[in-house]
There are 2 protein chains.
Amino acid sequence: MCRFCLNHWLPAIAANRKNLAVKKGQALFNEGDEVKGIYFVYSGVIKVHKRWGREKELILRFARTGDVVGQLGLGDDAVYPISATAIEAAVVCFIPMDFFESTLNVNVSFTRQLLTMLANQLQESEKRMRNLAHMPVKGRVAQALLNLKNQFGITTGGYLAVDISRQDLAAFTGAAYESLFRVINELVEDKLIGILGKYISIQNEDALTKLSEQADG
Amino acid sequence: MCRFCLNHWLPAIAANRKNLAVKKGQALFNEGDEVKGIYFVYSGVIKVHKRWGREKELILRFARTGDVVGQLGLGDDAVYPISATAIEAAVVCFIPMDFFESTLNVNVSFTRQLLTMLANQLQESEKRMRNLAHMPVKGRVAQALLNLKNQFGITTGGYLAVDISRQDLAAFTGAAYESLFRVINELVEDKLIGILGKYISIQNEDALTKLSEQADG
DNA sequence: CGTATCTTTGAGTCATGTCAAAAACGGTGG
DNA sequence: CCACCGTTTTTGACATGACTCAAAGATACG
């Protein structure tokens, strides 16, 4: 999907890249910041999020090794519409926008891959939009957990291989902290998931999938 | 934004285009259909929407003269994740996907424009996502009305220049029909908008903008 | 140990969706 | 011009999911 940067892209930009170490909790940029460039994630996990007022946020997606952050800078606006913050210590590679842009003009297949990536992200985004509008919290949590499993995989113990706080999980499902909490409990009671401290395991993926797919039940 | 198809694109595809007349209410395609190609809208209005269960839908965006529909077919999935339906009689130009794809490979600047378009749409989508998660219905309605104004403009009488049903307006807002209805009434009482039959005029754009931007009040 | 942060629980409130029915509207055909 | 029917609008009453607030346990941490 976006791992292309590793094979395709990085060799060409060797001369122009700047590697940055990012601490957990540190921001790459915030919504409203001027667009300076685009980021490739070498290691760690970055959350891409958007705030509402002072206290609320929605996590739009996560970027991990091989993913891109800041691609929205490609739009017409010279300002990031979203924020990017590390939730695990990360190393990212920064490419100034002007260089990135000029490369797009000569590398057709790379541009084409970006296009596919954006189309995929738009699909995902619109799906989640529909879910936020119509799906109850329980289904959204199920969906969120499955997404995390798909993106990060599971440990040998069967737990989601991400170190994500409940706060962030709530922000990712688009629900209040306490709501998420109660739903997690229900899911545990129904044996769809298991918890060990802050870690979550998927016990019954089929049932979760069903929850995340269909109706109001 | 997307009017580029008129200047940029249409000459080149003259040989491969197929014009289709679409009646009001008729679908271009439905979610789940195999991706066959991409559509350019010559005239009329197409709603791009996504269903939830049997009865509910969310309208993702509208496409009018010069806009593209079906660009999500560029993603990895060979199946449309969304539906496209005319809400006003329309004429669209159909381009088979294989031809479209092959053209992308030789026309860099066009691909680049598509990229920008998708980035813009992703921004918009993520903004709406955030709003669905955190903004109350009233603010979302305000936002929806402003969007319609931006996209379709207003008549000399000051009314939104789209012929959109309340049903669709509700689906665009992501709210129940009756909820939309009550909010519209409030907005009329507060003199932010006016209504004449099914048509809506913007009376106080500043106040609407304020509503659509900020907090829970 | 004392302070801070995060988790857990309970209770209350409110916005929004649901359901049902009346009213208004718009056409159609006699 | 009017009676009829289907659709859309309008209203009211109601149910409830989800958010908020607040406080009590836990857990971490210096």
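**Focus: the overall build of chain A**
Here is step 1 of the chain: Across its full length, chain A carries seven helices and eight strands.
Here is step 2 of the chain: What you see for chain A is a C-alpha radius of gyration of 18 Å, in line with the 17 Å of a compact globule of 217 residues.
Here is step 3 of the chain: In terms of principal-axis extent, the alpha carbons of chain A reach across some 55 × 35 × 30 Å.
Here is step 4 of the chain: Each of the 217 residues in chain A was classed as buried or not, and the buried ones make up 54%.

**Overview of the interface of chain B and chain A**
Here is step 1 of the chain: The partner chain A presents 47 residues to the 47 residues of chain B that form the contact.
Here is step 2 of the chain: Taken together, the two surfaces of chain B and chain A that pack against each other cover about 4500 Å², and 65% of this comes from carbon and sulfur.
Here is step 3 of the chain: Among the residues of chain B in contact with chain A, W52(B), L115(B) and M129(B) are the three that bury the most area, contributing 18% of the side total.
Here is step 4 of the chain: For the pair chain B and chain A, the interface holds four salt bridges.
Here is step 5 of the chain: The residue R61(B) makes a salt bridge to E126(A) at a minimum N-O spacing of 2.5 Å.
Here is step 6 of the chain: Taken together, the links from chain B to chain A amount to 13 residue pairs in polar contact (both at pLDDT 80 or more).
Here is step 7 of the chain: Breaking the side of chain B that touches chain A down by element, the ones donating at least two residues are β3 (37-52), β4 (56-63), α2 (97-104) and α3 (108-134) of chain B.
Here is step 8 of the chain: For the side of chain B that touches chain A, the element with the highest residue contribution is α3(B), accounting for 22 residues.
Here is step 9 of the chain: The residue inventory of the side of chain B that touches chain A, partitioned by class, reads 19 nonpolar, 13 polar and 15 charged.

**Considering the protein's contact with DNA strand D**
Here is step 1 of the chain: The environment of DNA strand D is made up of 14 residues, and the closest members are K56(A), V137(A), S179(A), Y177(B) and F181(B).
Here is step 2 of the chain: Between K56(A) and DNA strand D, the recorded distance is 2.9 Å, taken from a side-chain N or O atom to a phosphate oxygen.
Here is step 3 of the chain: Between a base oxygen of DNA strand D and a side-chain N or O atom of R182(A), the distance comes to 3.3 Å.
Here is step 4 of the chain: A total of five residues in the surface near DNA strand D trace back to one element, the largest contributor, which is helix α6 (residues 177-189) of chain B.

**Overview of the domain arrangement of chain A**
Residue and element names in this part refer to chain A.
Here is step 1 of the chain: The domain boundaries assigned to chain A delineate domain 1 (7-130) and domain 2 (135-216).
Here is step 2 of the chain: Here the C-alpha centroids of domain 1 and domain 2 sit 25 Å apart.
Here is step 3 of the chain: Between domain 1 and domain 2, the contact holds 17 residues from the first and 13 residues from the second.
Here is step 4 of the chain: Here domain 1 packs against domain 2, burying approximately 1200 Å² in sum over the two surfaces, 53% of which is carbon and sulfur.
Here is step 5 of the chain: Counting across the interface, domain 1 meets domain 2 through one salt bridge.
Here is step 6 of the chain: At the surface where domain 1 touches domain 2, the tally comes to six residue pairs in polar contact (both at pLDDT 80 or more).
Here is step 7 of the chain: Breaking the side of domain 1 that touches domain 2 down by element, the ones donating at least two residues are β3 (37-52), β4 (56-63), β6 (83-96) and α3 (108-134).
Here is step 8 of the chain: Per-class residue counts for the side of domain 1 that touches domain 2 are seven nonpolar, no polar and 10 charged.

**Some details on the relation of the copies chain B and chain A**
Here is step 1 of the chain: Once chain B has been moved 0.0 Å along the axis and rotated by 180°, it coincides with chain A to within an RMSD of 0.0 Å. As the rotation angle and translation indicate, the two copies are arranged about a two-fold axis.
Here is step 2 of the chain: A share of 100% of the interface residues of chain B reappears at the interface of chain A, consistent with the copies meeting face to face through the same patch.

**Thoughts on helix α2 (residues 97-104) of chain A**
Three- or four-residue spacings in an α-helix give side chains the same orientation, since the helix completes a turn every 3.6 residues.
Here is step 1 of the chain: Looking at α2(A), one finds that the buried residues are M97(A), F100(A), T103(A) and L104(A). The arc that holds every buried residue of α2(A), seen down its axis, measures 130°, which confines them to one face.

**Quick word on the protein's contact with DNA strand C**
Here is step 1 of the chain: DNA strand C sits among 14 residues. The nearest are Y177(A), F181(A), K56(B), V137(B) and S179(B).
Here is step 2 of the chain: In the interface set of DNA strand C, defined as its atoms within 4 Å of the protein, sugar plus phosphate atoms amount to 57%.
Here is step 3 of the chain: Residue K56(B) places a side-chain N or O atom 2.8 Å away from a phosphate oxygen belonging to DNA strand C.
Here is step 4 of the chain: Contact distances for DNA strand C include 3.3 Å between a phosphate oxygen and a backbone N or O atom of A176(B).
Here is step 5 of the chain: Elements supplying a minimum of two residues to the surface near DNA strand C: α6 (177-189) of chain A together with α6 of chain B.
Here is step 6 of the chain: It is α6(A) that provides the largest number of residues to the surface near DNA strand C, a total of five residues.
Here is step 7 of the chain: Residues belonging to the surface near DNA strand C are distributed by class as follows: six nonpolar, two polar and six charged.

**What to know about the packing of aromatic side chains**
Here is step 1 of the chain: Applying the stated rule across the entire model yields 12 aromatic pairs over all chains.
Here is step 2 of the chain: Ring geometry for F100(A) against F110(A): centres 6.0 Å apart, planes inclined by 85°, an arrangement best described as edge-to-face. Note that F100(A) is positioned in helix α2 and F110(A) in helix α3, a separation of 10 residues in sequence.
Here is step 3 of the chain: Taking the relative accessible area as the measure of exposure, F100(A) reaches 0% and is therefore buried.
Here is step 4 of the chain: Judged by centre distance (3.7 Å) and plane angle (15°), the ring pair of F29(B) and Y80(B) falls under stacked. With F29(B) in strand β2 (residues 27-29) and Y80(B) in the loop between β5 (68-69) and β6 (83-96), the pair connects residues that are 51 residues apart, well separated along the chain.
Here is step 5 of the chain: Overall, the relative accessible area of 3% leaves F29(B) in the buried class.
Here is step 6 of the chain: A residue is classified by how much of its surface remains accessible, and Y80(B), at 2% relative accessible area, is buried.
Here is step 7 of the chain: Counting every residue linked through ring pairs, the aromatic cluster contains F29(A), Y39(A), Y80(A) and F94(A).

Calculation notes
- Residues numbered from 1 in each chain as written.
- Chains lettered and ligands numbered in written order.
- Predicted model: local features only at pLDDT ≥ 70, side-chain atom pairs only at ≥ 80, totals over all residues.
- Heavy atoms only, no water.
- Helix = DSSP H or I, 4+ residues; strand = E, 2+ residues; numbered from the N terminus.
- Rg over C-alpha atoms; globule rule 2.2 N^0.38 Å.
- Buried < 20%, exposed > 50% of the residue type's maximum accessible area, 1.4 Å probe, protein only.
- Contact = heavy atoms within 4.5 Å.
- Buried area = accessible area lost by both parts, 1.4 Å probe.
- Salt bridge = Lys/Arg side-chain N within 4 Å of Asp/Glu carboxyl O.
- Polar contact = N/O pair within 3.5 Å; in protein donor to acceptor, adjacent residues only side chain to side chain.
- Nonpolar A, V, L, I, M, F, W, Y, C, P; charged D, E, K, R; others polar.
- Near = heavy atom within 4 Å.
- Domains from an automatic or database assignment.
- Least-squares fit on C-alpha atoms with pLDDT ≥ 70 in both.
- Arc of directions from axis to C-beta.
- Phe/Tyr/Trp six-rings, centres within 6.5 Å; stacked < 30°, edge-to-face > 60°.

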